[in-house]
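Residues per chain, in single letters:
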Amino acid sequence: MSLARSLVDVRPLRTSPVFRRLLIGRTVSVLGGFMTMVTVMYQVWDMTGSTAWTGAVGLAQALPLVVFGLFAGAWVDRADRRRVFLAATVGQAVCSLLLAVQGFSGHVPVMVVLLLVAVQSGFGALGAPAAGVFVPRLLPKEQVAAGLALQQVTGQSMMLLGPALAGLLLGWFGIGVCYLLDALSFGLAFYGARGLPALPPQGEPSRAGVHGVLDGLRFLAGHRVVRGALVTDLAATVLSFPVSLFPLVNAERFGDDPRTLGLFLSALAVGGVAATGLSGALTRLARPGPVMLCASATWGAALVLFGLVRSPWLGLALLTVAGAADATAVVARSTIVQTRTPDALLGRVTAAEQIVGQAGPSLGNVRGGVLAGWTSGTTALISGGLLCVLAVAAVATSTPELRDRATGVPDGP
């Protein structure tokens, strides 16, 4: 196979100028989001000196998404998704501007900062389901996986760049400038989405309120392929997400060197960038189910091996493999969700996917921390990886449709 076919498939950039503008705006906005994430953590720590308060930042970011996500998805499935996304983008930009104002002025209670973070996350919970319909509506079905891979590789790249850039800007200019740059980044996201056509639901619009949410949940319960994709992701993250274990494993196996600890997360991101940058062959394969199952099992196996080795360089290499597997699984899972879900339900299903993506790692960190407290970091890491591999095998065995079917098979339960 030629190198050109192995590199990320860029056909969506050539065939859809609207998608190209949307991707540019999204990339800049993601960069601003990672900068704000670091800035908020820095500010809250500077204000309180408390890990409990810095932990509350994660709660402020996750709670609105989990609580309002499905209702936001039901609303999105009743409206023009373009308008909803633009309104959510404006709301997020206003929150960043208010964060910048308090950052320049100082002397605000920490609860005000957390409230602004929570409100911004609430707007994000509304915008994410709307954005979930863009790729399948803008691109031919055979290019959906390639479009999602482009989003993933740019997002992973910004995850590498954003925190480092935030650190430099915090040292040079302070927190207000970082928040202000994030607010400006939403301007490019708004510009990218401004050129979208109207995107009302195709098919019967969602029923209002709880009824619409229940319709979405019934679809998830009855559609074996989509359900299997989300269960696989949830099992992999809840059972084996390793980040909370990194400090303890570093102390147990790698001499508690802070330089090694700092490289653990970077290794995951490097693996993700590399995998999506070389995703062309897999996205052209048009069989996201087997790809996702293999990638999820590889994630678990790499973490098991990471828990067994004592060489820091070999450990970092295994984390790079794990990061590559995770990014590949995310692209495959999103491809399944966006090609197998009817458009009229896509906002609600995308909201559920976002909740899984947010709640799974958080629960996985809790699981790992509790088990490590009873046993050891190494035991928690290895057992989690083994359970992940077993869970993926169980899903593959019980859901042959996920294991065998290609993307192009018509939707159905």
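None of the values given here were measured: they were computed from a predicted structure.

**Focus on the packing of helix 10 (residues 209-222) against helix 11 (residues 224-240)**
One can describe the packing of helix 10 onto helix 11 by two numbers: an axis separation of 5 Å at closest approach and a directional angle of 90°. As far as their axial angle goes, helix 11 and helix 10 are roughly perpendicular. Across from Phe 219, Leu 220, Ala 221 and Gly 222 in helix 10, the residues of helix 11 making contact are Arg 224, Val 226, Arg 227 and Leu 230. Partitioning the contact of helix 10 with helix 11 into residue classes produces five nonpolar, one polar and two charged.

**Things to note about the UniProt feature "transmembrane region" (unreviewed entry) in the protein chain**
UniProt's feature table lists "transmembrane region" (unreviewed entry) at residues 21-45, 51-72, 160-191, 225-249, 261-283, 289-309 and 371-396, given in the numbering used throughout. Secondary structure across residues 289-309 divides into 95% helix and 0% strand, with the first and last C-alpha atoms of the span separated by 31 Å. Taken end to end, residues 371-396 is 92% helix and 0% strand, and its first and last C-alpha atoms sit 27 Å apart.

**Details of the pattern of salt bridges**
Per the stated rule, a full pass over the model turns up 11 salt bridges. One salt bridge in this structure joins Arg 207 and Asp 215, with 3.0 Å as the shortest N-O distance. Overall, Arg 207 belongs to the partly exposed group, its relative accessible area being 39%. The exposure class of Asp 215 is partly exposed, given its relative accessible area of 21%. What emerges from the salt-bridge pattern is a single network uniting Asp 77, Arg 81, Arg 137, Asp 343 and Arg 348.

**A word on empty space enclosed by the protein**
Enumeration over the complete set of coordinates arrives at three cavities of 30 Å³ or more. Every residue lining the largest cavity is counted, 15 residues in all, and those nearest its centre are Leu 282, Thr 283, Val 291, Val 331 and Ala 332. When contributions to the lining of the largest cavity are tallied by element, the ones reaching two or more residues are helix 13 (258-277), helix 14 (280-285), helix 15 (288-308) and helix 16 (312-340). Sort the elements by how many residues they give to the lining of the largest cavity and helix 16 lands first, with five residues. Considered class by class, the residues forming the lining of the largest cavity number nine nonpolar, five polar and one charged. Volume-wise, the second largest cavity comes out at about 100 Å³. Lining the second largest cavity we find Asp 233, Ala 236, Thr 237, Met 292, Ala 295, Ser 296, Trp 299, Ala 325, Asp 326, Ala 329, Val 330 and Arg 333. When residues of the lining of the second largest cavity are traced back to their parent elements, those giving at least two are helix 11, helix 15 and helix 16. Here the element with the most residues in the lining of the second largest cavity is helix 16; it accounts for five residues.

**Some words on the side chain of Arg 333**
Position of Arg 333 relative to the elements: it lies in helix 16. Only 2.9 Å separates the side chain of Arg 333 from the side chain of Glu 353, close enough to count as a polar contact. What Arg 333 contacts, discounting residues up to four positions off in sequence, is Ala 229, Leu 230, Asp 233, Met 292 and Glu 353.

**Some remarks on a nonpolar patch on the surface**
A contiguous nonpolar surface patch, about 460 Å² in accessible area, is contributed by Leu 59, Leu 63, Val 66, Val 67 and Phe 68. Secondary-structure assignment places Val 67 in helix 4 (residues 51-76).

**A look at the confidence of the model for the protein chain**
Looking at the protein chain, pLDDT values average 86 and 95% of them are 70 or higher. Taken as a whole, residues 406-413 scores under 50 in pLDDT and shows 24 contacts with residues more than four places along the chain or in a different chain.

**Focus: the packing of helix 8 (residues 144-172) against helix 9 (residues 175-194)**
Relative orientation of the contacting elements helix 8 and helix 9 amounts to 135°, with a least axis distance of 7 Å. With respect to helix 9, the axis of helix 8 lies oblique. Contacts between helix 8 and helix 9 pair Ala 166, Leu 169 and Leu 170 from the former with Ile 175, Cys 178 and Leu 181 from the latter. Residue composition of the contact of helix 8 with helix 9, grouped by class: six nonpolar, no polar and no charged.

The rules behind the values
- Residues numbered from 1 in each chain as written.
- Predicted model: local features only at pLDDT ≥ 70, side-chain atom pairs only at ≥ 80, totals over all residues.
- Heavy atoms only, no water.
- Axes fitted to C-alpha atoms, helices over the stretch in contact; angles between N-to-C directions.
- Helix = DSSP H or I, 4+ residues; strand = E, 2+ residues; numbered from the N terminus.
- Parallel < 35°, antiparallel > 145°, perpendicular 65-115°, else oblique.
- Contact = heavy atoms within 4.5 Å.
- Nonpolar A, V, L, I, M, F, W, Y, C, P; charged D, E, K, R; others polar.
- UniProt positions renumbered as here; feature names shortened; annotations may be inferred.
- Salt bridge = Lys/Arg side-chain N within 4 Å of Asp/Glu carboxyl O.
- Buried < 20%, exposed > 50% of the residue type's maximum accessible area, 1.4 Å probe, protein only.
- 1 Å grid on protein atoms, 1.4 Å probe; cavity = no way out; pocket = protein on both sides within 12 Å on 5 of 7 lines; lining within 4 Å.
- Points joined across faces, edges and corners; volume = space filled by probe spheres on them.
- Polar contact = N/O pair within 3.5 Å; in protein donor to acceptor, adjacent residues only side chain to side chain.
- Patch = residues over 30% accessible without salt bridge, like charges linked within 9 Å, V, L, I, M, F, W, Y side chains within 5 Å.
- Areas by Shrake-Rupley, 256 points an atom, 1.4 Å probe, with all protein chains shown as cover.
- pLDDT = per-residue confidence, 0-100.

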